[in-house]
Amino acid sequence: MRWDNLNVEHGRAADTALFGADAVTTRTFDTPEFRGITFHEVRARSVLNRVPGASRMPFEWTVNPYRGCSHACVYCFARKTHGYLDLDTGIGFDTQIVVKVNAPEVLRRQLGSGHWHGDHVAMGTNVDCYQRAEGRYRLMPGIISALTEHANPFSILTKGTLILRDLDLLVRAARVTDVGISVSVGFLDPALWRTVEPGTPAPERRLDVVRTLGEHGIGCGVLMAPVIPFLSDHPEQLRTTVKAIADAGATSVTPLVLHLRPGAREWFTAWLGEHHPHLVRRYERMYAGGSYAPTWYQRRITRQVHELAREYGIGPTRAGAARRIRPAGPAPRPEPTQLTLM
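Summarised in this report is the structure supplied together with it. Computed from a predicted model, the values in this text were never measured in an experiment.

Their axes nearest at 9 Å, the elements helix α5 (residues 140-149) and helix α6 (residues 167-174) cross at an angle of 10 degrees. Judged by the angle between their axes, α5 and α6 are roughly parallel. Residue-level inspection shows Pro 141, Ile 144, Ser 145 and Thr 148 of α5 in contact with α6, the latter providing Leu 169, Leu 170, Arg 172 and Ala 173. When grouped by side-chain class, the residues that make up the contact of α5 with α6 number 5 nonpolar, 2 polar and 1 charged.

This brings us to the side chain of Asn 64. The topology assignment puts Asn 64 in the loop between β4 (61-63) and β5 (66-67). Accessibility expressed as a relative area gives 9% for Asn 64, which makes it buried. Excluding residues within four positions of it along the chain, Asn 64 makes contact with Val 47, Asn 49, Lys 100, Thr 125 and Asn 126.

For the rest of this paragraph, the subject is the sheet that holds strand β2 (residues 38-42). Pairing is mixed across the open sheet formed by 4 strands, whose spatial order is β1-β2-β6-β5. Edge strands, defined here as strands with exactly one partner in the open sheet, are β1 (24-28) and β5. The pairing of β5 with strand β6 (residues 96-100) spans 2 bridges and is antiparallel. What sits directly across from Arg 67, in β6, is Val 98.

What follows is about the environment of His 150. The residue His 150 is located in the loop between α5 and β8 (154-158) in this model. Sequence separation between His 150 and Arg 108 is 42 residues, and the spatial gap between their C-alpha atoms is 8.4 Å.

The subject of this paragraph is the nonpolar core. One finds Met 123, Phe 154, Ile 156 and Phe 268 to be the most contacted residues of the largest nonpolar core, which totals 92 residues. In this view, Met 123 contacts Val 63, Cys 129, Met 140, Ile 143, Leu 147, Phe 154, Ser 155, Ile 156 and Leu 157; residues no more than four positions away in its chain are not counted.

What follows covers the pairing of β2. Within β2, 5 of the 5 residues are buried, which leaves it mostly tucked inside the rest of the structure. The alternating pattern of β2 places Thr 38, His 40 and Val 42 on one face and Phe 39 and Glu 41 on the opposite face, and all of these are buried. Pairing of β2 with β6, which is carried by 5 bridges, proceeds in the parallel orientation. Its bridge partner being in β6, His 40 is matched across the sheet by Val 98.

Below, the discussion takes up the sheet that holds strand β7 (residues 121-123). Taken in spatial order, the 7 strands of this open sheet run β3-β4-β7-β8-β9-β10-β11, and their pairing is mixed. On the outer flanks of this sheet lie β3 (48-50) and β11 (253-257), each paired with one strand and no other. Each strand of the sheet is rotated relative to its neighbour by a mean of 25 degrees, with strand direction disregarded. The sheet contact formed by strand β10 (residues 220-227) and β11 spans 4 bridges and is parallel. Paired with Met 224 across the bridge in β11 is Pro 255. Across the sheet, helix α12 (residues 295-311) lies against β10 and β11, angled at about 160 degrees from β11, the strand it touches most.

What follows covers the packing of helix α9 (residues 235-247) against α12. Packing of α9 against α12 leaves a shortest axis separation of 10 Å and a crossing angle of 45 degrees. Taken together, the axes of α9 and α12 lie oblique to each other. Crossing geometry of α9 relative to α12 is assigned as right-handed. Residues Pro 235, Leu 238, Arg 239 and Val 242 of α9 pack against Ile 301, Gln 304, Val 305, Leu 308, Ala 309 and Glu 311 of α12. In terms of residue class, the contact of α9 with α12 is built from 7 nonpolar, 1 polar and 2 charged.

Here we take up unusual backbone geometry. At the junction of Ala 225 and Pro 226, the peptide bond is cis and its omega measures out at -10 degrees in the coordinates. In this model, Arg 138 sits at a positive phi of 50 degrees, which is unusual for a non-glycine residue. Within the fold, Arg 138 resides in the loop between α4 (133-137) and α5.

About the criteria used
- Residues numbered from 1 in each chain as written.
- Predicted model: local features only at pLDDT ≥ 70, side-chain atom pairs only at ≥ 80, totals over all residues.
- Heavy atoms only, no water.
- Axes fitted to C-alpha atoms, helices over the stretch in contact; angles between N-to-C directions.
- Helix = DSSP H or I, 4+ residues; strand = E, 2+ residues; numbered from the N terminus.
- Parallel < 35°, antiparallel > 145°, perpendicular 65-115°, else oblique.
- Contact = heavy atoms within 4.5 Å.
- Nonpolar A, V, L, I, M, F, W, Y, C, P; charged D, E, K, R; others polar.
- Buried < 20%, exposed > 50% of the residue type's maximum accessible area, 1.4 Å probe, protein only.
- Pairing = 2+ DSSP bridges.
- Core = buried A, V, L, I, M, F, W, Y, C linked by side-chain atoms within 4.5 Å.
- Left-handed = near helix turned anticlockwise from the far one by under 90°.

Keep in mind these numbers describe shape, not what the thing actually does.
Shown next, in the form of structure tokens:
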């Protein structure tokens, strides 16, 4: 595997590897939740990743403690990144997980560097930082704590219910900085979920996360993603999903139509041919222009979801905004050690 292909530009030459092959330890665990999964433990040299300027993302920096994802979502756009390591973008993406075991320590060091200016850090934007591996490696508590110590704003997007384990840490972080939490729920159909997102918690369990966060004073938005053409886009399906999101107490709902980038496109097409072969030709026509569904279709779905959101008393989130989590009671003055700004 081409571990040396992972380069960093922040603070050093572009050909400096994030980690080398001699820093990789490969492990397997013979337990039901990890059977068939291989973990490649690496000691990273950097964990703050600058988002390319041409990206459509509304943030500039990310932290990704894992590569590969046991959620095994067949449409995941991040599948292509496994190819950079000479790993398979299909089943290999689902079962070969790279773990940056020293991510919290490296992040703490980078946040304390004079080169860092406290920009917003997004997590869960590549693969889920609360996938099953997090239950064993427990990297997120250290990452959240490091960001809190430096009062650094951050956001988390997840399909994982494990985020509730860190509820107290999130509330503590919100007392000193802006924190945004979003949960991804694209549809409720149980048959579709079991085949297209086989490694994720059920959609209803994810909505329980939204509900629980709200009960603890933490506002949580829902990214309604993906809306899958011809499978989850019927008006009644959209209504059912938006109503459930509203009933869970979500602060916002933002729809995102399925996009199929190289790597994900091939894997999704194979899945479609197995489970819904009658739709293959329709998808070929819909995505003939590239990775994204036609603009008219995206606008139609967005309009329908926004109309339903208004009907049920919720609305879209302003792009790029980090929602402020507010504790239920008065926020105590932070300890001096929580505010290491320099």
